[in-house]
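These are the residues of each chain, in order.
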Amino acid sequence: MSYYKKLKADLAGAASAGIITPQQADQVWQNAYGSRTFASLKATHIIGAVAGIFISLGVILVAAHNWDKIGAVAKMGAFLLLFAGLAEAAMRNEEKPSACVPLEMIWFFMPVLGIGLYAQIFNLSGDPVKPYLVWAALSAPLAVLSKRPMVAYMTSILLLATLYFGTMGPDNILSLASSHRFEQAGQPLWHWAAALAVLGAGAYLYPGKKTGLPLGAASVWLFILLFAPTAIAVSSTALVLLAGMSLAVIWLTFGYERGDDKTSLPLLAWTIGVYISTFFWHYKAHEFETSSRHDTTPGAILTWLLFAGALLSVIFRKQRLLPEGKTEDYAAKVMLAASMLCAFLLFDTTESSAKILAVIANLILAGYGAGCIIGGSKTSDEKLINRGVAVITLTAVTRFVDIFGNLLKSGVAFIVTGLAFAGLAYAINRGRKALIEAAKK
C-alpha cells in the first residue's frame, strides 16, 4: 500500500473512531496529497500546455515562411511587443487555467525565437551556452510568478541541463573541464562562480522548495567534476569511491522529503555504490593501477571535506536508510559509516585488502536487506519487504556467479545452475509472500 493510500485509510479510520471530524480528515488528506510532485497538474493543464507548444511552433513556422518580407526593426519590434503582450495576458488570466497554461507555455518558449531572431539579424555567433542562460533568465519571472509549477520545473531543468552541458563543454562561460584527462583545467575562478550561480538558481526555482532532486542533481554534477578533467579532478580509486559514497550519504541524509518513498533515488544511488564495491573481489593490481599523482590538491581536499560532512551527518542527523527505531538507527548508522570507511582499504591496496572490502560490502548489503525485511514486517510495509528480498537475492546471485562462475564450463553445469536458480527463486518468492501475509495480520 502506498503512503497516500495508507494515509487516507488511517484518516478515515480516525474519523470513524471519532478522534477527528470527517472535515478535518479531508483537510489533512488534501494538504498531504496536494504537496506531491505535479499535484496541481490536471488533464486540462496538460492539454493546455500541449496547445501552447503547438501555437508556439505555428508562430515560428509562419514567421519563417514570411521571413524575407519582414524588416529587421519590424522583426525585433514585433517580437518584443508579442512577448510583452503574452506576459500581460498570462498574468491577467491566472485564475483561468485553460487560457493561462497555453499562454505560459508560449511565454516560456518565446525567448528561443527571440534569441534566434536577434542572432540572425546581427549575424552573431560564439558561446553556445549564453543563449540558454538568456532563455532561462527571461523565463525566470514566469517561473516565480506563476501559480502553477509547470514552468518552474521546466526552467529548473533548463538551468541544470545547461549547467551539465556547459561545465563539461569547451569554450563557454561555464566551461570547467580540460581537453585532456588528468590535466588540471586552467579555467578562471569566475567560471566556477557562474556555474555555482546557475546551480543555485536551478535549485531555487525548483517548485515547492523541495531539496531531494536538486540535491541529487548537484551531487551527480559534483561527482562528474571530480571524475572529469577539471581543476578538482581525482583519479585514485580510493578517493573516487570515497567521494561517491560520501555524496550518496549526504544526498540520502539531506534529500529527504515528506511523502511516499521520497528517498528512493538516493537509496538507489547508495545501494548501487555499495554493490559496485562488492566487485572488488576481482581486483587485480595490474588492472587497477592508478597513481595519486593525478589527484589535484583541491580535488583531494574537497573529497575529504565531503567525507567529513557525510560522517557528521550520519552521526548527528536522522538516518533514512531503515524504518525508525533505536536498533534500526544504530544499524543504519553503522552501515552508512562502513560504506564510506571501506574506501580506506583501497589506499595502497593489495588484492587481499580489496577482497576484504568486497566482503564488507556484501555484509552491508545483506544487513540492509535483512533490515528492510524486519522493518517491513514490523510496519506491515510490503514495499519494504520486497526491497529487502530484492537486495539479498541480487547479492546472493551475484556472489554465486563470482565464486562458481569458473566452474560453468559445460552444458550440464549450466543446466544444474539454472535449476538451482529456479529453486532459489521459488523459495524466495514463497518466503516473501509468507512475510507479507504475516505482516498483514
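Some details on the overall build of the chain
Stage number 1. In terms of regular secondary structure, the chain is built from 16 helices and zero strands.
Stage number 2. Counting over 441 residues, the chain shows a buried share of 43%.
Stage number 3. Of the contacts made within the chain by residues no fewer than 6 positions apart, 71% connect residues no fewer than 24 positions apart.
Stage number 4. Summed over all atoms, the accessible surface of the chain reaches about 23300 Å², with 69% contributed by carbon and sulfur.

What to know about the packing of aromatic side chains
Stage number 1. This model, assessed by the stated rule, comprises eleven aromatic pairs.
Stage number 2. On the basis of an interplanar angle of 70° and a centroid distance of 6.5 Å, the ring pair of Tyr132 and Phe165 is categorised as edge-to-face. With Tyr132 in helix H6 (residues 130-145) and Phe165 in helix H7 (residues 150-168), the pair connects residues that are 33 residues apart, well separated along the chain.
Stage number 3. In this structure Phe165 comes out as partly exposed when scored by relative accessible area, which is 45%.
Stage number 4. Between the aromatic rings of Phe307 and Phe344, the centroid separation amounts to 5.5 Å while the plane-to-plane angle is 75°, which identifies the pairing as edge-to-face. Within this pair, whereas Phe307 is found in helix H12 (residues 297-316), its partner Phe344 is found in the loop between helix H13 (326-341) and helix H14 (351-379), the two being separated by 37 residues in sequence.
Stage number 5. Among the aromatic residues, ring-to-ring pairing joins Trp304, Phe307, Phe344 and Phe347 into one connected group.

Comments concerning the packing of H7 against helix H8 (residues 189-205)
Stage number 1. Where H7 meets H8, the closest approach of the two axes is 8 Å, and the angle between their N-to-C directions is 160°. Relative to H8, the element H7 is oriented roughly antiparallel. Between H7 and H8 the crossing geometry is left-handed. Contacts between H7 and H8 involve Ala152, Thr155, Ser156, Leu159, Leu160, Leu163 and Thr167 on the former and, on the latter, Ala195, Val198, Leu199, Ala201, Gly202 and Leu205.
Stage number 2. Across the contact of H7 with H8, the residue classes tally to nine nonpolar, four polar and no charged.

Description of the packing of H12 against H13
Stage number 1. Where H12 contacts H13, the two axes come as close as 9 Å, and the packing angle between them is 170°. Considering their axes alone, H12 and H13 lie roughly antiparallel with respect to each other. Every pair of crossing elements has a handedness; the one defined by H12 and H13 is left-handed. Of the residues in H13, those touching H12 at Phe307, Ala310, Leu311, Val314 and Ile315 are Lys333, Leu336, Ala337, Met340 and Leu341.
Stage number 2. Here the residues of the contact of H12 with H13 are counted per class, giving nine nonpolar, no polar and one charged.

Comments concerning a nonpolar patch on the surface
Stage number 1. A grouping of Leu213, Leu265, Leu268, Ile272 and Ile276 is seen on the molecular surface, where their side chains present a nonpolar patch of about 440 Å² in accessible area.
Stage number 2. A total of four residues in the nonpolar patch trace back to one element, the largest contributor, which is helix H11 (residues 264-278).
Stage number 3. By the secondary structure assignment, Ile276 is in helix H11.

Regarding the confidence of the model for the chain
Stage number 1. On average, residues of the chain carry a pLDDT of 75, and 68% of them reach 70 or more.
Stage number 2. When the criterion is pLDDT under 50, residues 258-262 qualifies, and its contacts beyond four places in sequence or with other chains add up to 15 contacts.
Stage number 3. This stretch, residues 410-414, has a pLDDT under 50; its non-local contacts, to residues over four places away or in other chains, come to three contacts.

Remarks on helix H9 (residues 212-227)
Stage number 1. Between the first and last C-alpha of H9 there are 23 Å, a value that for 16 residues agrees with the 22 Å anticipated at 1.5 Å per step.
Stage number 2. Where H9 is concerned, the buried positions are Gly212, Pro214, Gly216, Ala217, Ala218, Ser219, Trp221, Leu222, Leu225 and Leu226.
Stage number 3. Check the buried side of H9 and you find it contacts H7, H8, helix H10 (237-254) and H12.

Brief notes about H8
Stage number 1. Spanning 17 residues, H8 covers 25 Å between terminal C-alpha atoms, matching the ideal 24 Å at 1.5 Å per step.
Stage number 2. Those residues of H8 not exposed but buried are His191, Trp192, Ala195, Val198, Leu199, Gly202 and Leu205.
Stage number 3. Contact partners of the buried residues in H8: H6, H7 and H9.

Focus: the side chain of Gln319
Stage number 1. Along the chain, the position of Gln319 falls in the loop between H12 and H13.
Stage number 2. Reaching out from Gln319, the side chain makes a polar contact with the side chain of Asp329 at a distance of 2.9 Å.
Stage number 3. Here Gln319 is in contact with Glu328, Asp329 and Ala332, once residues within four sequence places are set aside.

Here's the deal with the nonpolar core
Stage number 1. Core analysis: the biggest nonpolar cluster contains 84 residues, and Trp270, Leu321 and Tyr368 have the highest contact counts within it.
Stage number 2. Looking at which element gives the most residues to this core, the answer is H10, with twelve residues.
Stage number 3. When near neighbours in sequence (up to four residues on either side) are disregarded, Leu321 contacts Leu252, Leu267, Trp270, Ala332, Met335, Leu336 and Tyr368.

Criteria and thresholds
Residues numbered from 1 in each chain as written. Predicted model: local features only at pLDDT ≥ 70, side-chain atom pairs only at ≥ 80, totals over all residues. Heavy atoms only, no water. Helix = DSSP H or I, 4+ residues; strand = E, 2+ residues; numbered from the N terminus. Buried < 20%, exposed > 50% of the residue type's maximum accessible area, 1.4 Å probe, protein only. Contact = heavy atoms within 4.5 Å. Areas by Shrake-Rupley, 256 points an atom, 1.4 Å probe, with all protein chains shown as cover. Phe/Tyr/Trp six-rings, centres within 6.5 Å; stacked < 30°, edge-to-face > 60°. Axes fitted to C-alpha atoms, helices over the stretch in contact; angles between N-to-C directions. Parallel < 35°, antiparallel > 145°, perpendicular 65-115°, else oblique. Left-handed = near helix turned anticlockwise from the far one by under 90°. Nonpolar A, V, L, I, M, F, W, Y, C, P; charged D, E, K, R; others polar. Patch = residues over 30% accessible without salt bridge, like charges linked within 9 Å, V, L, I, M, F, W, Y side chains within 5 Å. Salt bridge = Lys/Arg side-chain N within 4 Å of Asp/Glu carboxyl O. pLDDT = per-residue confidence, 0-100. Expected span 1.5 Å × (residues − 1). Polar contact = N/O pair within 3.5 Å; in protein donor to acceptor, adjacent residues only side chain to side chain. Core = buried A, V, L, I, M, F, W, Y, C linked by side-chain atoms within 4.5 Å.

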